Amino acid sequence: MSADLQTKILSTNDPQSLAAAYEHLLSGELVAIPTETVYGLAADASQPDAVSKIFAAKGRPADHPLIVHVESVDKLSHWASKVPKSAQLLAEAFWPGPLTVILPKAAHVSYVVTGGQDTVGLRVPNQPDVLALLARLNTGLAAPSANPYKRISPTTAEQVMFGLNKKIAAVLDGGPCEVGLESTILDLTGDVPTILRTGPITKSQIEAVLGCDVQLPKSHNVAVPGNVKAHYQPTKPVKLLASNSLLEQLTAHSTLSQNDIAVLYYSETLTASLDETSAVQMKLSADKAGYAQNLYYALYQLDNADIKHIWIELPPEQEQWLDVLDRLSRAAAN
């Protein structure tokens, strides 16, 4: 794509824009699409040359697999060589929604999509306009997050344009994402279902549907989207601090200028103390769903503010917060 070509902003509210997105994808171009999790950088998964453009636009290594978004559970058998009953049960419970299942790939699925692996990640996104687009295309859309590799995932079209303008054909603007964090990735190819990336669908929820134990290893060697050590990162360094430590650190750095530190927090009890410091501050919801929905956009705003460091209050170490904790730990990794 020419560096002189401006990325088009399309709207999900406009039938002509949706038709334009369809034509771009059909012709092998890249379109950023809204989902309930984050914006995805989409290409027709049946066109390996188009999928290759995703890696170039993001600067993403070619051996990192992509998730294929499909219209419905009925499409699983087209992309997977084997669809176990567990996948059907999970689809009934959570699709459309933020759960990706890993299955053995069908023979025709390109290794460009799977990063050279014999498995493929599949999910049905909970975004009606994207589902309509998938139905019209009658294919799958390979779509990692629509941002430069290892940077903050976008939950608005604004963020997509900030990172990928002039690198992709278009952005389909569907407004802010409702969930705000990437899907849970569940491997169904082994004897025991195994969570390879924490997400909005928790281990307990999956176990309740399947009626069996689900593994959640602290570490693994399976390459899946978003699981490199340093990921989801602002350009400014991130420091994670427990509530008490955060206050102590702010007190110790009370002489720092206003433009040195930005604090992202959620505890109401910190508000008064933070007001007495010179730090730039941004408060997120203490409710996990509200926190997750706004996290990436908050990090994006702070990263573009005139500050040098981002300090983040650590959320609770509870099951429903594991995906938030995972993303923050990678954002803060060196």
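Keep in mind the model is a prediction, meaning the values are calculated, not measured. (Residues numbered from 1 in each chain as written. Predicted model: local features only at pLDDT ≥ 70, side-chain atom pairs only at ≥ 80, totals over all residues. Heavy atoms only, no water.)

A.B. asks: Let's hear about helix α6 (residues 128–137): which residues, and what values?
C.D. replies: Here α6 has its buried residues at V130, L131, L133, L134 and L137. Buried residues along α6 cover an arc of 155° about the axis, so they all sit on one side. Contact partners of the buried residues in α6: α1 (15–26), β2 (31–33), β4 (67–69), β7 (141–142) and β8 (170–173). You can read the cap of α6 off the contacts: a side-chain oxygen lies 2.8 Å from the backbone nitrogen of D129, and it is on Q127. (Buried < 20%, exposed > 50% of the residue type's maximum accessible area, 1.4 Å probe, protein only. Helix = DSSP H or I, 4+ residues; strand = E, 2+ residues; numbered from the N terminus. Arc of directions from axis to C-beta. Contact = heavy atoms within 4.5 Å. Polar contact = N/O pair within 3.5 Å; in protein donor to acceptor, adjacent residues only side chain to side chain.)

A.B. asks: Help me get a handle on the sheet that holds strand β11 (residues 238–241), residues and values and all.
C.D. replies: Sheet architecture is open: four strands sit in the order β11-β14-β12-β13, paired in parallel fashion. With partners counted over all chains shown, the strands left at the sheet margins are β11 and β13 (280–283), one partner each. Within this sheet the neighbouring strands show an average axis-to-axis angle of 20°, counted without direction. Relative to strand β14 (residues 309–313), strand β12 (residues 261–265) runs parallel, the two being bridged by four bridges. Following the sheet pairing, V263 is matched in β14 by W311. Sitting on the sheet, helix α11 (residues 288–303) touches β12, β13 and β14, and the angle it makes with β14 is about 160°. (Pairing = 2+ DSSP bridges. Axes fitted to C-alpha atoms, helices over the stretch in contact; angles between N-to-C directions.)

A.B. asks: Tell me about the pairing of strand β3 (residues 40–44), residues and numbers included.
C.D. replies: Of all five residues in β3, five are buried, a share of seventy percent or more. Residues G40, A42 and D44 of β3 are buried on one face, and the alternating residues L41 and A43, pointing to the opposite face, are buried as well. Judged from the three bridges that link them, β2 and β3 form a sheet pairing that is antiparallel. The partner of I33 across the bridge, within β3, is G40.

A.B. asks: Provide a residue-level description of the side chain of H69, including the pertinent values.
C.D. replies: Along the chain, H69 falls in strand β4. Judged by relative accessible area, H69 falls into the buried class, the value being 5%. A polar contact of 3.5 Å, which involves the side chain of H69, links it to the backbone oxygen of I67. If near-sequence neighbours (up to four positions away) are discounted, H69 is found in contact with R123, P125, L134, T139, G140, L141 and A143.

A.B. asks: Talk me through the pattern of salt bridges; I want residue IDs and the actual numbers.
C.D. replies: Throughout the structure, instances matching the rule amount to eight salt bridges. A salt bridge links D323 to K288, with the shortest nitrogen-to-oxygen separation between them at 2.9 Å. In this pair, D323 is assigned in helix α12 (residues 322–331) and K288 in helix α11, connecting sequence segments 35 residues apart. Here D323 and K288 have matching classes, each one buried. In this structure, the salt-bridge partner of D326 is R327, at a minimum N-O distance of 2.8 Å. Both residues of the pair, D326 and R327, belong to the buried class. Here the salt bridges do not stand alone but share partners, grouping E182, D326, R327 and R330 into one network. (Salt bridge = Lys/Arg side-chain N within 4 Å of Asp/Glu carboxyl O.)

A.B. asks: Describe the packing of aromatic side chains, and please don't skip the residues or the numbers.
C.D. replies: Scanning all chains against the criterion turns up six aromatic pairs. Here the aromatic rings of F162 and Y300 are separated by 5.5 Å at their centres, their planes lie at 75°, and the arrangement is edge-to-face. Here F162, found in helix α7 (residues 157–164), pairs with Y300, found in helix α11; they are 138 residues apart in sequence, far enough to count as distant. Given the relative accessible area of 11%, Y300 is considered buried. Look at Y291 and W321: their rings are 5.2 Å apart centre to centre, the planes differ by 70°, and that puts the pair in the edge-to-face class. You can see Y291 sitting in helix α11 and its partner W321 sitting in the loop between β14 and α12, a full 30 residues away along the chain. By relative accessible area, which is 3% here, W321 ends up buried. (Phe/Tyr/Trp six-rings, centres within 6.5 Å; stacked < 30°, edge-to-face > 60°.)

A.B. asks: Give me the lowdown on the environment of P104, citing residues and values where you can.
C.D. replies: With respect to the helices and strands, the residue P104 is situated in strand β5 (residues 99–104). The residues touching P104, leaving out its near neighbours within four places in the chain, are W79, A80, S81, K82, D118, T119, V120 and T189.

A.B. asks: For the pairing of β5, give the residues involved together with the corresponding values.
C.D. replies: Burial analysis of β5 places five of its six residues in the buried class, the great majority of the element. Here β5 pairs with strand β9 (residues 184–187) via four bridges, running parallel. Residue pairing in the sheet places V101 in a bridge with L186 of β9. Of the strand pairs in this sheet, β5 and strand β6 (residues 119–123) are connected by four bridges, and their pairing is antiparallel. Paired with I102 across the strands is G121, a residue of β6.

No statement about biological role is implied by the geometric values presented.
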